[in-house]
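Fold and contact review
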Amino acid sequence: MEDNRIQNQIAIYMTNKKLCEFTDKLKPAPIEYYAHMHAQGEEQADGIRAYSCIGVVLQDYSNGTGDKTVRVTANLSPGFFPFVLSRMQNDLDRFDFTEDKIFGEPDEHGLSTVTKLSVKRASVGTDGKPRNYPWCVIVENGRAVKEKTATGGTHIKSGTYKKQRSVYVNINDLDFFNLVYRTTRFIESWELTYGPKLIRDARKLLSEQRAAAQQ
């Protein structure tokens, strides 16, 4: 039934105008790379390269809902959340993280998908006064030409980026802590759920391969 559809939402912050949501997009590593635990782009049996990540969704419905809602998405690595949590637990004053990604096959115009994500904290505003909502999460979606680097990676070709949508959400310390804390705990629970079986299966296969090699 539609009412019982499983949701992958981990944590959400919502006001009457904005929304910030973290979602479960975690994937286990293939058994050949069991110690990675999280998929990091290794080629799977079906030839597809999978990545384990936490989805980020921002929405702005200050101009209305439905077609008037602005929705943007991005992905963060699982390691981002315990890193931020550790910083927050040590009297964090400022924080500045930005990440740009380009991926997917080019469209008919030669443009691929781009996500730009920024997570920042500033306890004091430009006016010198303390900020009640010191955290700012910004996600921007657009298109650009994907260019290969000298090391075999890819990046956004200079001058080709075209912004499509952008949303920012300001969050206070307690609410942002709850978002990060809940997501970190979920990642830990996921690792304790999938990790043991992955390790046992890999160790068993490794033992079998060594035994066969000695015969």
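Nothing here was measured: the structure is a model prediction, and the numbers come from that model. (Residues numbered from 1 in each chain as written. Predicted model: local features only at pLDDT ≥ 70, side-chain atom pairs only at ≥ 80, totals over all residues. Heavy atoms only, no water.)

1. Remarks on the environment of T154
- Mapping T154 onto the fold places it in strand β11 (residues 154-156).
- Residue classification places T154 among the partly exposed positions, given a relative accessible area of 42%.
- In sequence terms T154 and S52 are 102 residues apart; their C-alpha atoms lie 19 Å from each other.
- The contacts of T154, once residues within four sequence positions are left out, are I102, K146, E147, K148 and T149. (Helix = DSSP H or I, 4+ residues; strand = E, 2+ residues; numbered from the N terminus. Buried < 20%, exposed > 50% of the residue type's maximum accessible area, 1.4 Å probe, protein only. Contact = heavy atoms within 4.5 Å.)

2. With respect to the sheet that holds strand β8 (residues 112-122)
- Across the sheet, four strands lie side by side as β7-β8-β9-β12; this open sheet has antiparallel pairing. For this open sheet the edge positions go to β7 (94-103) and β12 (162-171), each flanked by a neighbour on one side alone. Averaged over all adjacent pairs, the angle separating strand axes in this sheet is 10°, with direction ignored.
- Summarising the sheet, β8 and strand β9 (residues 135-144) pair through ten bridges and their orientation is antiparallel. Looking across to β9, one finds that V114 is bridged to G142.
- Taken strand by strand, helix α1 (residues 80-88) contacts β7, β8 and β9, and its axis lies near 170° from that of β7.
- Where helix α2 (residues 173-214) meets the sheet, it contacts β8, β9 and β12, and its direction lies at approximately 115° from that of β12. (Pairing = 2+ DSSP bridges. Axes fitted to C-alpha atoms, helices over the stretch in contact; angles between N-to-C directions.)

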